[in-house]
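# Commentary on secondary and tertiary structure
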Amino acid sequence: MAQKLVVIGNGMAPGRMLEHLFETAPGRFDVTIFNAEPRVNYDRIMLSPVLSGEKTFDDIVIHGDGWYIEHGVTLYKGHKVVAIDRVAKTVTSDHGVIEPYDRLVIATGSTPFIPPVPGHRLPGVITYRDLDDVDAMLLAAQSREKAVVIGGGLLGLEAAAGLNARGMDVTVLHLMPTLMERQLDPAAGYLLQKAIEQRGITVITKADTKAILGEGKVTGVELKDGRIIPASLVVMAVGIRPNAALAKDAGLAVNRGIVVDDGMLTSDPAILSLGECAEVAGNVYGLVAPLYQMARVAASHLAGDTSSRFTHSETPTKLKVTGIDLYSLGDFADGEDRDEIVLRDASAGIYKRIVLKENRIIGTVLFGETSDGAWFADLQKKATDISQMRETLIFGQVHQGGPGADPLAAVAALADDAEICGCNGVCKGKITGAITAKGLTTLDGVRAHTKASASCGSCTGLVEKLMTLTLGDGYNPAAVQPMCTCTDLGHDDVRRLIKAKHLKTIPAVMQELEWKTSCGCAKCRPALNYYLVCDWPDGYADDYQSRFINERAHANIQKDGTYSVVPRMWGGMTSSHELRAIADVVDKFAIPAVKVTGGQRIDMLGIRKEDLPAVWADLGKAGFVSGHAYAKGLRTVKTCVGTDWCRFGTQDSTGLGIRIEKFMWGSWTPAKVKMGVSGCPRNCAEATCKDVGVICVDSGYEIHFAGAAGLDIKGTEVLGLVKTEDDALVHIVALTQMYREQGRYLERIYKWAKRIGLDEIRRQIMDDAEKRQGYFDRFVFSQTFAQVDPWEERVSGKDKHEFRPMATVGYAQAAE
Amino acid sequence: MIWTPIGSINDIPRRGARCVATPQGRIAVFRTGDDKVYAIEDHCPHRGGPLSQGIVHDASVTCPLHNWVISLETGKAQGADEGVVRTIPVRIDGENLFIALEALASRAA
Ligand code: SRM
Ligand SMILES: Cc1cc2nc3c(=O)[nH]c(=O)nc-3n(C[C@H](O)[C@H](O)[C@H](O)COP(=O)(O)OP(=O)(O)OC[C@H]3O[C@@H](n4cnc5c(N)ncnc54)[C@H](O)[C@@H]3O)c2cc1C
Ligand code: SF4
Ligand code: FES
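About the criteria used
Residues numbered from 1 in each chain as written. Chains lettered and ligands numbered in written order. Predicted model: local features only at pLDDT ≥ 70, side-chain atom pairs only at ≥ 80, totals over all residues. Heavy atoms only, no water. Helix = DSSP H or I, 4+ residues; strand = E, 2+ residues; numbered from the N terminus. Buried < 20%, exposed > 50% of the residue type's maximum accessible area, 1.4 Å probe, protein only. Contact = heavy atoms within 4.5 Å. Areas by Shrake-Rupley, 256 points an atom, 1.4 Å probe, with all protein chains shown as cover. Pairing = 2+ DSSP bridges. Axes fitted to C-alpha atoms, helices over the stretch in contact; angles between N-to-C directions. Near = heavy atom within 4 Å. Polar contact = N/O pair within 3.5 Å; in protein donor to acceptor, adjacent residues only side chain to side chain. Buried area = accessible area lost by both parts, 1.4 Å probe. Salt bridge = Lys/Arg side-chain N within 4 Å of Asp/Glu carboxyl O. Nonpolar A, V, L, I, M, F, W, Y, C, P; charged D, E, K, R; others polar. pLDDT = per-residue confidence, 0-100.

### With respect to the overall build of chain A
- Broken down by element type, chain A carries 26 helices and 39 strands.
- The burial tally for chain A puts 53% of its 816 residues in the buried class.
- Taking contacts inside chain A between residues at least 6 apart in sequence as the whole, the part at least 24 apart equals 62%.
- Carbon and sulfur atoms make up 52% of the accessible area of chain A, which totals about 34,800 Å².

### Some remarks on the overall build of chain B
- What chain B contains, in helices and strands, is 1 helix and 10 strands.
- Looking at the 109 residues of chain B, the share that counts as buried comes to 57%.
- For chain B, contacts bridging at least 24 residues in sequence account for 39% of all contacts bridging at least 6.
- Per element, the accessible surface of chain B, about 4,200 Å² overall, is 48% carbon and sulfur.

### Some remarks on the sheet that holds strand 28 (residues 556-557) of chain A
Residue and element names in this part refer to chain A.
- Strand order in this open sheet of 4 strands is 28-29-31-30, and the pairing throughout is antiparallel. The outermost strands of the open sheet, each flanked by one partner alone, are strand 28 and strand 30 (593-596).
- Where strand 29 (residues 563-565) and strand 31 (residues 602-607) come together, 3 bridges link them in antiparallel fashion. Note that in strand 31 the partner of Ser564 across the bridge is Leu605.
- Strand contacts of helix 18 (residues 576-588): strand 30 and strand 31, with the helix running at about 10° to strand 31, the strand carrying the most contacts.

### What about the environment of Val321 of chain A?
- Along the polypeptide, Val321 of chain A turns up in the loop between strand 21 (317-318) and strand 22 (326-330).
- A sequence separation of 269 residues divides Val321 of chain A from Ser52 of chain A, and the C-alpha atoms of the two residues are 9.1 Å apart.

### So, the site of ligand 2
Residues and elements named next belong to chain A.
- If you check the shell around ligand 2, you find 32 residues, and the closest are Arg44, Arg129, Glu276, Val288 and Lys320.
- A distance of 2.9 Å separates a nitrogen atom of ligand 2 from a polar backbone atom of Val81.
- Within the side chain of Glu276, an N or O atom sits 2.4 Å from an oxygen atom of ligand 2.
- When isolated, ligand 2 has an accessible area of 1,000 Å², and the protein chains bury 92% of it.
- Looking at the shell around ligand 2, the elements that each hand over two or more residues are helix 1 (12-24), strand 2 (29-35), helix 5 (154-165) and helix 8 (288-302).
- Sorting elements by how many residues they give to the shell around ligand 2 places helix 1 first, with 3 residues.

### Section: the interface of chain A and chain B
- Counting residues at the interface gives 47 residues for chain A, matched by 46 residues for chain B.
- Together chain A and chain B conceal approximately 3,600 Å² of surface at their shared face, both sides included; 54% is due to carbon and sulfur atoms.
- Area buried by chain A at its contact with chain B is led by Glu336, Met806 and Val809 of chain A, which between them contribute 21% of it.
- Our count for the contact surface shared by chain A and chain B stands at 4 salt bridges.
- One salt bridge in this structure joins Asp331 of chain A and Lys36 of chain B, with 3.3 Å as the shortest N-O distance.
- Taken together, the elements giving at least two residues each to the side of chain A that touches chain B come down to helix 16 (524-535), helix 17 (549-553), strand 39 (807-808) and helix 26 (811-815) of chain A.
- By residue class, the composition of the side of chain A that touches chain B is 18 nonpolar, 12 polar and 17 charged.
- Of the strand pairs in this sheet, strand 39 of chain A and strand 2 (residues 16-22) of chain B are connected by 2 bridges, and their pairing is parallel.

### Focus on the confidence of the model for chain A
- Residues with a pLDDT of 70 or more make up 96% of chain A, whose mean pLDDT is 90.
- The least confident element of chain A, judged by mean pLDDT, is helix 26 of chain A at 48; the most confident is strand 7 (residues 103-106) of chain A at 98.

### Section: helix 23 (residues 758-767) of chain A
- Those residues of helix 23 of chain A lying buried are Ile761, Gln764, Ile765 and Met766 of chain A.
- Tucked inside the fold, the buried residues of helix 23 of chain A contact strand 35 (700-705), strand 38 (717-722), helix 21 (725-742), helix 22 (749-756) and helix 24 (769-786) of chain A.

### Structural notes on the side chain of Arg740 of chain A
All names here are of chain A.
- Among the structural elements, Arg740 can be located in helix 21.
- Polar contacts involving the side chain of Arg740 include one to the side chain of Gln737, which spans 3.0 Å.
- Those residues in contact with Arg740 that sit more than four places away from it in its chain are Arg495, Tyr530, Cys534, Trp668, Thr669, Pro670, Phe779 and Ser782.

This is how it looks when you write it as structure tokens:
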């Protein structure tokens, strides 16, 4: 007689299991299925095409009603099992049906996780799991109003794309800095965000939801930073949790999911579990490929063959949004024993990265061009040694051994009328012709004569290959010193391209400029961060992880790991009130050393990192702000006593120094900037060895620049003489802004000036009023974002984590 | 091994580090750009710089004091520099991080 098999849940996993079972052991079981969802088994994966309108529900049904009849299966649609009695071997549904079993299969899938923020129960807040959710979204979409999707993972993005296709105005909120961070590295995450935004979907990363707003119905979402995004529909797609409650109530072993062995048996041998609710060897799964393997194992087990075993394997992730090609598989973390091969094609929006370990692929991320995904996966699965094809591996299967493997050959094969520089419409023949006819040997020469690569520069690589082809060894592309080993581009090219291509994040720069590493190094990241801060003051989110520790912690690290703190003393002036406050702080925090610096202010040395916020809080109460003694930015403006007191003073040098410092503090610069204002040519403020200095004279203000007194000693050059204090300020600010826009990271003003030419700088700042005003205005605009006291920010909680250990452990054990 | 919980992966910024205070000194716990987590002694083999304060790139950190580059996986100094810092086993379970304190205790003994 047939045994009774009862299945709880009618999803994709048990559906596949039954198919196998009916094939291998027909008639062995009499099957009853309970399904909380009032419908037959359908392809849950394909809900997104239903949402976007590319498919209908009928298209995605896996087993129609006829299938259940054919196999004699009783399907209780809309029956949720509420109890399992393992002694009596029965299950009970919420409609009161009691069904006995010989073998039971629990396949209850997952439940969407809903973060318990205020308002999460409001009507209009839905999850994305089943057809009812899709119907609810379609209904809401008829309004064509605003929708917010919380969660920028696979589900969230598919929901967002679907709602967008249905005419809603969609914003995706994602907690992490890049989308789908579990499957993609930041470079691919950046490209994905760009592709999503191109559809008109707004993406807000690092978005921490504080509350869902509305009374009786959703009206919007409030973020922790205070932003409010209006919405009449909120889709929660932040993650799923295995649905194991029923099994737990029945006393089965449950960890994250229902614990099963590699034969899909739970802790009760009469009961199996499979699908997203099951946990095998500590893993739970959320993609169907492993679930289908479970289905095969469970089926053979039920059919009496217990030799079949579940083994873990990696499953690739793909996003089902039409027009976005993305593929990720395996482990793509960096590591010392690992190697990576990166291919970026900025114009085509392609990024490919293969991670190798001992010449074998262990991870793959593909964006924009994914046709080789299966091939890479196969190489990974078979652990093929790729050393033979290493050079061409990243170009894919068709390039193995065939033509096209040599990138120069590809350029050589181009026809003479093939366009190389899109911006200026220059074709190959014109470039090679000019190189030969005019005897050009440098990239700049080609740019000057043909205009090729002179605009956005994205064809530079092609132009260089043409030069190599035409000149052979006569062309030496290494003439430009690259920023670091992550790129062939020099600082100036990078700065130019950031502006030309409107690159506004570090991943954007790395992708569009075809960086050779996935996340840069300690040389290029701080430089890029500065360039972006400087070029997009209003649009760039400073990346603190790309700043050196001093700028990240806003204090100077000392050799023993403690810090020193130097508050501003504007123009070197102080007061009894300030000095008393410093004395109190020194006592309160037992600061071991206090020193007058070479920059006319006071340094407190040897402060523990944990104490910094409290030290700053006390200093802040006395009116102090950060002296930026650590910054590639404005440091001090040294002054002398000037007309206020000195018998030789010609102008108010102290006043001007204070004015300059108050106007310019907080600005970031390529390297540190120090200034000085002396009241007469006796020069007591040492203004003539500063980056910028002023010597006051009877007839006005003599502005100096390009001095140094550190590693090199160099007297300043004269920029020019101006009549009023206002003029002095405008000229100094304009000069600094010119340097900010052109300087290479870590290049002090005197080196920059030498490179650009003193006359060129004088021409732009002294003689060209329009240029000068332009620089001045851009500096002022940038200051509206930069002039924030970093100490006060941190006292009020910003980057709290930076200053505390994440945990204190082990003291109890040690005491034992 | 005794696994001691030290917090969540979300406590550490990507390409950043936090430290854990222990009786044997500070341990630096790093999170890379692609969410790998490593723990090493917070003590540069060169002159003891606090490695947790350095810039993290790939699976390495650049010491904040004199720019030695230390591998987070092996604790070895990279390039021409020679030296090694102890690595501490880390386990990630979901979002929760654990370090193997036993390894510390055995060192103290
Ligand atoms: C505190 C102070 C010495 C003092 O006790 O007086 C000082 C201390 C340091 N200087 Fe300085 N410099 C100090 C005035 C100077 C001066 C004199 C001045 O500013 O009038 C100079 C020469 C002028 C110049 O810059 O051209 C000076 C030239 C340097 C240099 C060489 C820079 C160069 O490009 O040649 C460095 C190295 C660097 O920046 O890379 C440096 C670096 C440093 C660092 C930041 C070393 C470091 O990287 O950790 C020291 C930090 C100690 C700390 O934690 O406070 N310090 N340093 C002075 C702080 C001034 C302030 O109030 O902000
Ligand atoms: C929109 C969307 C897109 C996806 N895209 C992909 C993709 O591209 N690739 C991929 O591999 N995977 C994808 N997935 C995941 C994939 O669909 C799931 O991994 C798979 O469907 C899980 O199958 P399952 O049988 O374990 O559970 P489910 O399919 O969740 O089935 C569980 C069923 O059990 C029922 N149930 C729960 N409790 C009870 C109870 N007490 N009594 C009776 N019935 C109960 C539920 O109502 C549900 O119908 C996607 C998922 C969604 C939602
Ligand atoms: S001169 Fe400057 S950098 Fe050198 S030891 Fe003194 S403070 Fe430090
Ligand atoms: S202490 Fe780390 S490099 Fe010197």
